[in-house]
Amino acid sequence: MEKIPSKDVTPRQADHQAAQGEAVTQEMYAQRKHIYVREIKGFFQKLRRSANWGLMLAFFLLPWINIGDRPAIWFDLPSREFHIFFGTFYPQEFVLLSWLLIICAFGLFFITVFAGRVWCGYTCPQSVWTFLFIWLEHRIEGPRNKRIKLDNQPLTGEKLRRKTFKHVIWLLIAFATGATFVGYFTPIRDLMPDLATLQAHGWSYFWVGFFTVFTYLNAGWLREQVCIYMCPYARFQSVMFDRDTLIVSYDENRGEPRGRRKRSLSHEEARAEGHGDCIDCDLCVQVCPTGIDIRDGLQYECISCAACIDACDSVMDKMGYPRGLIRYTTENALESKPTHILRPRLIGYLAALLVMVSAFAWAVNDRMPLNFEAERERNDLYQVTRDGQISNVYNLMVRNLDQRDHTYQLSASGLDGLTLDQHSISVPAGESRSEVVTVTVDGDAIQQPSHDIVLTIESERDDSIRLDRDTRFIGELRR
Ligand code: SF4
Ligand code: SF4
């Protein structure tokens with residue numbers, strides 16, 4: 001790809017150009033260097049892999065779990081119903097979703113202030129899928145050195161076989177991811193056979209294809225570039241850091257001056273000869289999925305995956321040095337200053353988070369599983385019967401938000417002698433019914449042209465499920 005040269009037009013540059021009589025160009029785009037991530041074992045990698053496998057398992061299995069005859073999680077967009085385990089939510093309740101998103105944002109702020117970018121390293125889908133793809137690459141093409149050699153050698157039958165196999169496996173995983181994602185919106189037990197027999201809706205093919213390509217490109221090709229160049233969180237997370245935030249750091253005081261030395265040299269002897277603890281083996285760089293050298297200090301590319309900690313600890317073990325040359329620590333601790341884990345900022349985020357989670361839990365728990373609208377028929381003010389009765393017509397909309405069928409009793413109040421032509425409405429679980437009811441009253445009861453009345457519905461099986469709607473009753477005064 002041809003690079004775009006850009007001209008530096010700072011005054012100093014302009015002076016230089018004037019002096020030289022020529023334009024100076026400066027490359028603003030660095031070519032991406034492919035990162036061959038070395039696999040490493042260790043405590044944090046065990047933790048990370050457990051989190052990764054657990055999250056992937058949850059992602060792939062959840063759409064297959066049914067509650068009754070419907071998926072436990074099903075975002076049914078055509079019906080505008082969002083089934084989440086035992087609850088069904090509707091667009092009218094989007095305020096709950098907004099609260100949930102705000103809680104997630106505060107949760108992320110809290111975690112970031114406390115422990116930096118651990119979300120990125122351990123749970124972000126981009127990292128989880130990238131680590132899976134790298135893990136598969138390692139199984140198919142071999143460890144880091146073999147992969148570098150394979151990429152540098154000319155195309156042979158063996159190379160073609162391994163590369164093709166790797167991409168086919170990547171595409172299969174990407175397809176499973178895409179189909180599972182769509183399975184959260186279309187019941188997956190119907191979707192899979194429909195896809196296999198080419199009976200699925202056109203949009204299902206489109207979205208499965210889209211997310212297959214999206215996953216394959218992001219996790220197989222773009223990898224760390226998504227974290228470095230595309231993710232907005234990478235750009236603003238550093239403003240949430242303070243000097244007491246846990247970050248992955250290289251202990252410069254202990255590690256420098258770095259350099260190679262004889263393996264037989266004990267820790268004390270190495271120190272006596274003026275060596276720091278870093279043996280400059282480069283292992284921490286080779287295991288880094290974003291290709292940085294943590295010894296250069298905290299960098300926004302670091303996703304806090306702790307691979308460099310495990311790598312360096314394994315080196316320290318081999319050398320017989322104490323572990324922790326690279327470790328989770330704070331800037332204050334690195335400067336031998338006291339670290340304050342419980343600090344006002346962290347407590348503030350925690351308090352806000354607790355309040356919001358409690359309010360959210362209360363709102364969900366206290367939510368009335370019923371929606372009821374009553375609107376007076378506008379085209380027909382009122383009717384007067386021969387026997388002097390006055391009636392108004394109302395359009396009712398009853399939505400049963402519960403998991404059970406309900407029959408609701410209808411009543412009217414606010415004016416003596418109100419009667420209805422219909423006294424109950426049955427609505428199956430999760431469905432809605434529209435009804436037209438007529439409310440009638442004796443003409444003598446009318447004291448003014450418009451009366452405020454209340455229409456009420458109440459479940460026959462649970463009297464706590466009850467809603468009132470204020471409306472008006474229009475009539476004519478008898479002279
Ligand atoms: S792994 Fe440890 S010893 Fe090796 S270069 Fe990195 S910091 Fe130095
Ligand atoms: S520097 Fe260490 S913690 Fe940061 S991304 Fe690289 S390996 Fe992970």
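Residues numbered from 1 in each chain as written. Chains lettered and ligands numbered in written order. Predicted model: local features only at pLDDT ≥ 70, side-chain atom pairs only at ≥ 80, totals over all residues. Heavy atoms only, no water.

1. Some points on helix 8 (residues 188–196)
Right, on to step 1. Every buried residue of helix 8 is accounted for by I188, L191 and L195. The buried residues of helix 8 occupy one face: seen down the axis, they fall within an arc of 55 degrees.
Right, on to step 2. Among the structural elements, helix 7 (157–182) and helix 9 (202–222) are those in contact with the buried residues of helix 8.
Right, on to step 3. Note on helix 8: the residue one or two positions beyond its end, L198, has a positive phi of about 60 degrees. (Buried < 20%, exposed > 50% of the residue type's maximum accessible area, 1.4 Å probe, protein only. Helix = DSSP H or I, 4+ residues; strand = E, 2+ residues; numbered from the N terminus. Arc of directions from axis to C-beta. Contact = heavy atoms within 4.5 Å.)

2. A word on the packing of helix 2 (residues 43–61) against helix 15 (residues 307–319)
Right, on to step 1. Between helix 2 and helix 15, the shortest axis-to-axis distance is 7 Å and the interhelical angle comes to 145 degrees. Residues F43, F44 and Q45 of helix 2 form the contact with helix 15, whose participating residues are A307, I309 and D310.
Right, on to step 2. Here the residues of the contact of helix 2 with helix 15 sort into 4 nonpolar, 1 polar and 1 charged. (Axes fitted to C-alpha atoms, helices over the stretch in contact; angles between N-to-C directions. Nonpolar A, V, L, I, M, F, W, Y, C, P; charged D, E, K, R; others polar.)

3. Examining the sheet that holds strand 18 (residues 466–474)
Right, on to step 1. Spatially, 4 strands are ordered 15-13-17-18 in an open sheet, and the strand pairing comes out antiparallel. Edge positions in the sheet fall to strand 15 (424–427) and strand 18, since each has one partner strand and no second. Shown here is a sheet whose adjacent strand axes are inclined to one another by a mean of 25 degrees, direction ignored. (Pairing = 2+ DSSP bridges.)

4. Section: the site of ligand 1
Right, on to step 1. Around ligand 1, the structure places Y250, C278, I279, D280, C281, D282, C284, R295, C312, M316, L325 and I326.
Right, on to step 2. A class-by-class count of the residues in the shell around ligand 1 yields 9 nonpolar, no polar and 3 charged. (Near = heavy atom within 4 Å.)

5. A word on the nonpolar core
Most often, soluble globular proteins keep nonpolar side chains buried together rather than apart.
Right, on to step 1. Residues I294 and I326 are the most contacted members of the largest nonpolar core, which totals 45 residues.
Right, on to step 2. Elements supplying a minimum of two residues to this core: helix 3 (94–115), helix 4 (118–123), strand 8 (247–250), helix 14 (283–286), helix 15 and helix 17 (344–365).
Right, on to step 3. If you tally residues by element for this core, the top one is helix 15, at 8 residues.
Right, on to step 4. Each residue touching I294, except ones within four places of it in the same chain, is listed here: V248, Y250, Q299, C302, C308 and I326.
Right, on to step 5. Membership of the second largest hydrophobic core comes to 25 residues, among which are A374, L418, I425 and L467. (Core = buried A, V, L, I, M, F, W, Y, C linked by side-chain atoms within 4.5 Å.)

6. Here's the deal with the confidence of the model for the protein chain
Right, on to step 1. Per-residue confidence for the protein chain gives a mean pLDDT of 90; residues scoring 70 or more make up 94%.
Right, on to step 2. Note that residues 1–14 has pLDDT below 50 and, in this model, 18 contacts with residues that lie over four places away or in other chains. (pLDDT = per-residue confidence, 0-100.)

7. Some details on the site of ligand 2
Right, on to step 1. Close to ligand 2 lie 13 residues; C288, C302, C305, A306 and C308 are nearest.
Right, on to step 2. Tallied by class, residues from the shell around ligand 2 come to 11 nonpolar, 2 polar and no charged.

8. Thoughts on the pairing of strand 8
Right, on to step 1. Alternating residues of strand 8 divide into I247 and S249 and V248 and Y250, and every residue in both groups is buried.
Right, on to step 2. The pairing of strand 8 with strand 9 (residues 326–329) spans 4 bridges and is antiparallel. Residue Y250 lies in a different strand from strand 9, and its bridge partner there is I326.

9. Details of the packing of aromatic side chains
Where two aromatic rings form a pair, the distance of their centres and the angle of their planes describe that pair.
Right, on to step 1. One pass over the full model with this rule turns up 25 aromatic pairs.
Right, on to step 2. Judged by centre distance (5.1 Å) and plane angle (75 degrees), the ring pair of F43 and F44 falls under edge-to-face.
Right, on to step 3. Taking the relative accessible area as the measure of exposure, F44 reaches 18% and is therefore buried.
Right, on to step 4. Measuring from centroid to centroid gives 6.1 Å for F60 and W129, while their planes differ by 50 degrees, and the two rings are tilted. Placement of F60 in helix 2 and of W129 in helix 5 (residues 125–141) is noted, with a sequence separation of 69 residues between them.
Right, on to step 5. Judged by its relative accessible area of 11%, W129 falls in the buried class.
Right, on to step 6. Connected via pairs of aromatic rings, a cluster forms that spans F75, F82, F181, F185, W203, F206, W207, F210, F211 and F214.
Right, on to step 7. One cation-aromatic arrangement involves R48 over F131; the distance from NZ or CZ to the ring centre is 3.6 Å. (Phe/Tyr/Trp six-rings, centres within 6.5 Å; stacked < 30°, edge-to-face > 60°. Lys NZ or Arg CZ within 6 Å of the ring centre and 35° of its normal.)

10. With respect to the pattern of salt bridges
Right, on to step 1. In this structure the tally under the stated criterion is 29 salt bridges.
Right, on to step 2. Here D242 and R345 are joined by a salt bridge, their closest N and O atoms 3.8 Å apart. With D242 in the loop between helix 11 (232–236) and strand 8 and R345 in helix 17, this residue pair connects regions lying 103 residues apart in the sequence.
Right, on to step 3. R345 sits in the partly exposed class, given a relative accessible area of 32%.
Right, on to step 4. Across the salt bridge formed by E375 and R378, the nearest N and O atoms sit 3.5 Å from each other.
Right, on to step 5. One salt-bridge network, in which partners are shared between bridges, spans E137, E141, R147, D151, K163, K166 and R223. (Salt bridge = Lys/Arg side-chain N within 4 Å of Asp/Glu carboxyl O.)

11. Concerning the pairing of strand 6 (residues 81–84)
Right, on to step 1. Note: strand 5 (residues 73–76) against strand 6, 4 bridges, orientation antiparallel. Its bridge partner lying in strand 6, W74 is registered against H83.
Right, on to step 2. With antiparallel pairing between neighbouring strands as the criterion, strand 5 and strand 6 make up a hairpin whose turn holds 4 residues, including R80 at a positive phi of roughly 55 degrees.
Right, on to step 3. Pairing of strand 6 with strand 7 (residues 87–89) involves 3 bridges; the strand directions are antiparallel. Note that in strand 7 the partner of F82 across the bridge is F89.
Right, on to step 4. Hairpin connection between strand 6 and strand 7: a loop of 2 residues separates the two successive antiparallel strands, and F85 in this loop has a positive phi of roughly 50 degrees.

12. Quick look at the sheet that holds strand 6
In any sheet, the strands associate via hydrogen bonds between backbone groups, in a parallel or an antiparallel arrangement.
Right, on to step 1. With respect to topology, 3 strands assemble into an open sheet ordered 5-6-7, the strand pairing being antiparallel. Every other strand in the sheet has two partners, leaving strand 5 and strand 7 as the edge strands with one partner each. On average, each strand axis in the sheet is tilted by 15 degrees relative to the strand beside it, whichever way the strands run.

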